[in-house]
Every structure is written in C-alpha cells, then in structure tokens.
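Structural overview for review
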Amino acid sequence: MDERILTAEEVRDAITPLWKMTYEEQLTMKWREMVKKCAMKIVKEVKDKFRTLEKEARRNPANRNMVKLYDWVATKRAIEVEKPVPSPKIYKYRNKCEFTCGYHHYREEINPEDGNVDAAGDDVKTEANAIEVEYEPNNIESADKANSNNKGEAQNTIILKKPAAGFLAGGWQGGVHPPHCLQNMPDWSCGLADIINEFHSTSPIPPYDSKVHRGIWRTFTIRCSLRTKECMVIVLHAPASGGVGAKEDGSDDYSNVFDDEKERLINMLTKGMIPMPKRNFPENHVYDEEEEGKEPDGVGIRVTSIFFQEYEGLSHPSPEHPVQHAFGKRSLEEALGQCSFQISPGAFFQTNTEGAEKLYSIVVDRIKEVTDDPEKTLMFDVCCGTGTIGLTCLKEKVVGRLVGVDISEPAITDAKVNAEKNGYAPDKSSDKKSTTRFVASRAENVLADEMKIISKSTPIVAVVDPARDGLHGTVVKTLRMNEKIQRLVYVSCNPTGTLVRDGGMLCAPPTKRYPGRPFKVTMAQPVDMFPLTSHCEMVMTFDRLSDEEYNKCHSKKAG
C-alpha cells in the first residue's frame, strides 16, 4: 500500500476548503447555498405535505377537508433569504479546538551508501519514538516505489511516523496534521499543540489507535477566552490499563507510569505563558493584527484549568461523562455582550465569540419586534446550553422571564450560575417569582408540562437552538399546539439538513400527529460563524398563521 503525505495546501483544502476564495466570494457562495438547499427545500417540504393531503382527500371524497395552499407558500419567493451577516474576524476566530491523538507522518532521506535515515543530508537523528511505515530503512527499492507517486519528492526517502496531536485531514490512514497552516486556528492553539507534541515525543505512553482500540491518549480539547485570558485543556484518554482492545498479556498496560506522565503533562502545560508559534500560512495571507499595529492574539495567556477524562467507549463520551479536575479553576470565564458566562468542560458554547455576539443580536431584534410588554413576556429557551441566548435577551430587556431547557446537566449547572452571575438569582421561595428557571432534561420530556403551568395571560416567545440533530418530533408538536407562541426563532447549525425537516413540520397544514395552527417563515438570516469553511448558521423566524390566513385555506366540503 502506497503512503502519501499531504502538503500544507492539501490540509487547508480538507479542513478549510474555502480558503482560496475572497471573503466576499465565500459569503456569496453561502448565500446561494442557503437559498437553494435551505429556503427552497423548506418550501418544497411544505408543498409536499399539501400534495399528500390532496391525495388522501381524493381517496376519501365523502369526508374530506379541503385545504388550499397557504398564500405565503404560493408566492414566487416564499422565503426571502437575507445576505449573510459576516464574521467580525475572518482568521484565527476559533475559541475551541479539538486535536486528535495519533501519528504524524513525515519524510526523511535515506543515505544510499549505508542505508541510514538522514534528514535532508544532515546528521539529524530520527526521534526515539518514531517508527517506520511499511518498509525497512535499508530497503531503498521499496522506499523508491512508495514515493514514486509524489511529484517533486526525493526518491531515496522513507516515511516515518511519530506520536502527535492534530487534525485528521486525510483520515486515519494519513495520520494527524499540525494546525499551524490553518488560517482559522488561533496562535494559542498552535502554541499548545507544540507543547502537546513535545510531550508526545518523549512519552512512553502511545496515542490511541481507533482501528484496534489500543493505546491511551485520545484527544485534547482546548477552550480559550482572549477577553478573560483564560484557557482550559481537557485530556480524553483510555483507561491506563489499556483500551477495549488491550492485549491479554498486559503489554499495553501503562498503569505504572500513567500518573507520572499526567503530572509531567500538567507541568509542561502550566510552566509559563502559552508560546507564540511559527505559522505556515499561504503567501497571500493578510495579517490583520500587524496591519493594525496590534500584537498577535493569544499573547499573555496561560492554561488556567486542566481536566482528564477517562473513557473506554468506542466513539465519544456524552457531555455528562465525568471528568477529573487536575489543575486550576473548575470552569472557564467568557465575556459576551453585556453578560459574562461560566463554561464547564462538558458545556456547549459557540466557537466564534465575536460571531456569537452578532448572532445573538439578531435573535434579540427578532424578539423585540413582537414583545409589546417585555416585562410580562416569558421566553422559552429550548436547547439553552449555558443560558447564553436567554440571558442575553433578559439583559437587553426584550423579555422579563426565562425558562431554559437542555439535555446537558453540566450546561444547566452553568446556566444557573450564569443567571446569578448576571443578576438573575432565583427566588428561593417560589419558582413562579423567579426571573429564570433552568431544567436539565430532554426538551420533548418536559416542554409540554412546562407550558401547562404558565398563566394563560402570559405572552410567550420561544427560541430553539438545537444541535445538528435538530428538534425531536414531540417538541415540534408541542410548539405547534401551544398557539400562545406567536413567534418562534430557530437558530440552526444545520440549515441544509434538520432545519429543512423541522421547518417543513412547523409550517405544514395540521395532521393528527402535528396538530395546531402552523407557522410561516417571515425571515431567514444567515450568519457566517465559520469563515474559510462551507458551514453557516441560520436564524430563521417563524410566525403563527393568523386566523384569517388559516381559515382562508381550510374549509370542509362533503361529497
């Protein structure tokens, strides 16, 4: 099997595929994507529901409900998609990075006279932990054959691999690649990658191999706030005694050295400020901070908290999976808008802080349009995470009360702390008197009951910000049935996937499974949270059909 090492350009193509475009071109491409693969597909979903009802009516003409296509769906451009809101930062914008542990593949020359591996003709020794890929260093013939497909590469070379952490730009087979060439990765993330890889190069404990489920080090998740100068590192690892595929002879049991290696890693990560690394950007890259006379982002930041997380499973742990606090603070502080937020290891937080402020300001504006009496208005924040959207709306005074629901217990714990931190401590005498209330549960399990306990005179708005899987059908049903919700703001990280499905169910004519007067889409606002990549967030506003709009299209006709 031939080996091939990706170039820096190919790594960028895999991780940040739009990097060769101007930012204006990126935004135009994303806007077209949102029109064709989100808005137009939602309209098609709704029209398909009408066609289904029409077919059912033909099969049972004696007792059929005549349903005409809603006026808003029948228009030429039923959903107008606004131009995307650009990200305040195009480069180095991420506040969270996840590095996979594996092996970094690299090429070294072979001295044809004695068969020794030599780095570009210099007396540079191969690292102690480096191992060969597929062939022996003396077998120059096989080395030449393996590298014959790489144009411009030296023929008398061999590919070696060393333990490292980075990105799987070419899948597991191609090894991990350092983040230094990626323009969306901040300097502090690359500085920490350098420390982590220095540790890997001298550690007797190998990285985890997902193909055989052996090895220990799995991932390094790093969060950082440039505003509070705090940085959190979460180290995911298999049990020290070995992973699921541990050998029966105990040869991959590292229990006797694991604690010492943990301590050594902590010392390396915390011995000083995060170093500013050398970057490998393309020649045409514009260094914004240098043009503006600013120092690079990340200067003066230290690692302020470290957690270890043992996991024996084959995929990824749930947000509730326990972590072991090993150093410093137990959470990370972030400032966003007028609020400050605590973020625990398992909690979700937007990965572009400045972009999140733009995103949330749009949500605030959409709610402000319909809250005639903000102090009496209650906001349902479904999939609320750490409470960022709901607390921002409270702080902006567009709602007076907040009920947040999320499946993640760590996130809800953070949300409760964040409410108090921002001046909305719960009333211990009664939930009804509290400005905020947060519930750790699946939304589909509690939303209907939460709706029942709200006073009939209380105006309600709802915001949903689900994960990529979108909303559970029961949540959609509850939102449709509670017609006190006149406006629903849907924040989607998967607008061409689950938003299309959910939007179709929210806007379709009522059925036994999804009763209630439907919604219509009144605004679709893309927000670019991920420059250089194809991803884009969507803030879609759904308003309840009025009685007049609904009755105009629904009438009973027998026979």
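These lines cover the structure that appears in this document, whether it is placed above or below. (Residues numbered from 1 in each chain as written. Predicted model: local features only at pLDDT ≥ 70, side-chain atom pairs only at ≥ 80, totals over all residues. Heavy atoms only, no water.)

1. Focus: the overall build of the protein
Regarding its fold elements, the protein presents 14 helices and 19 strands. Scored against the burial criterion, the 559 residues of the protein give a buried share of 52%. Summarising the internal contacts of the protein: among those between residues at least 6 apart in sequence, 74% fall at separations of at least 24. Approximately 26400 Å² of the protein is accessible, and the part contributed by carbon and sulfur atoms is 48%. (Helix = DSSP H or I, 4+ residues; strand = E, 2+ residues; numbered from the N terminus. Buried < 20%, exposed > 50% of the residue type's maximum accessible area, 1.4 Å probe, protein only. Contact = heavy atoms within 4.5 Å. Areas by Shrake-Rupley, 256 points an atom, 1.4 Å probe, with all protein chains shown as cover.)

2. Comments concerning unusual backbone geometry
The backbone of His 213 sits at a positive phi, close to 60°, despite the residue not being glycine. Looking at the element boundaries, His 213 is found in the loop between helix H5 (187-202) and strand S6 (217-225). Its identity as a non-glycine residue notwithstanding, Cys 383 has a phi of 60°, on the positive side. For Cys 383, the location among the structural elements is in the loop between strand S12 (378-382) and helix H9 (388-395).

3. Quick look at the packing of aromatic side chains
What the rule picks out here adds up to six aromatic pairs. Plain terms: the ring middles of Phe 99 and Phe 167 are 5.5 Å apart, the flat faces sit at 75° to each other, and that makes the pair edge-to-face. A residue pair is termed long-range when its members are at least 10 positions apart, and Phe 99 in strand S2 (residues 96-110) and Phe 167 in the loop between strand S5 (157-166) and H5 qualify at 68 residues. As far as the burial class goes, Phe 99 and Phe 167 line up, both buried. One aromatic cluster is present, formed by Phe 199, Trp 217 and Phe 258 through successive ring pairs. If you follow Lys 161 out to its NZ or CZ, it ends over the ring of Tyr 103, 5.0 Å from the centre. Lying over the aromatic face of Phe 308, Lys 262 brings its terminal NZ or CZ to 4.8 Å of the ring centre. (Phe/Tyr/Trp six-rings, centres within 6.5 Å; stacked < 30°, edge-to-face > 60°. Lys NZ or Arg CZ within 6 Å of the ring centre and 35° of its normal.)

4. What about the environment of Tyr 23?
Structurally, Tyr 23 can be placed in helix H2 (residues 23-59). Its relative accessible area of 12% is what places Tyr 23 among the buried residues. Residues Tyr 23 and Ile 90 lie 67 residues apart in sequence; the distance between their C-alpha atoms is 7.8 Å. With residues near it in sequence (within four places) discarded, Tyr 23 still touches Pro 86, Ser 87, Ile 90, Asp 528 and Pro 531.

5. What about the pattern of salt bridges?
Within this structure, the stated rule accounts for 23 salt bridges. The residue Asp 187 makes a salt bridge to Arg 279 at a minimum N-O spacing of 2.7 Å. Of the two residues, Asp 187 is situated in helix H5 and Arg 279 in the loop between helix H6 (255-270) and helix H7 (288-291); the sequence distance between them amounts to 92 residues. The exposure classification of Asp 187 matches that of Arg 279, with both residues buried. If you follow the salt bridges from partner to partner, you end up with Arg 366, Glu 369, Arg 487 and Asp 543 in one network. (Salt bridge = Lys/Arg side-chain N within 4 Å of Asp/Glu carboxyl O.)

6. Brief notes about the sheet that holds strand S18 (residues 537-544)
Pairing is mixed in the open sheet, where seven strands are placed in the order S14-S13-S12-S15-S16-S18-S17. Edge strands, defined here as strands with exactly one partner in the open sheet, are strand S14 (436-440) and strand S17 (519-527). In this sheet, neighbouring strand axes are inclined to one another by 15° on average, regardless of whether the strands run parallel or antiparallel. Sheet topology places S12 next to strand S15 (residues 460-464); five bridges connect them, and they run parallel. For Val 382, the partnering residue across the bridge sits in S15 and is Val 464. (Pairing = 2+ DSSP bridges. Axes fitted to C-alpha atoms, helices over the stretch in contact; angles between N-to-C directions.)

7. Here's the deal with the environment of Arg 366
Of note, Arg 366 is situated in helix H8 (residues 353-368). Take Arg 366: its relative accessible area is 11%, and that puts it in the buried class. Considering only alpha carbons, one finds Arg 366 and Leu 488, 122 residues apart in sequence, at a separation of 9.2 Å. Once residues lying within four places of it in the same chain are set aside, the contact partners of Arg 366 are Arg 487, Val 489, Met 523 and Thr 541. Within polar-contact distance, the side chain of Arg 366 engages the side chain of Glu 369 at 2.9 Å. (Polar contact = N/O pair within 3.5 Å; in protein donor to acceptor, adjacent residues only side chain to side chain.)

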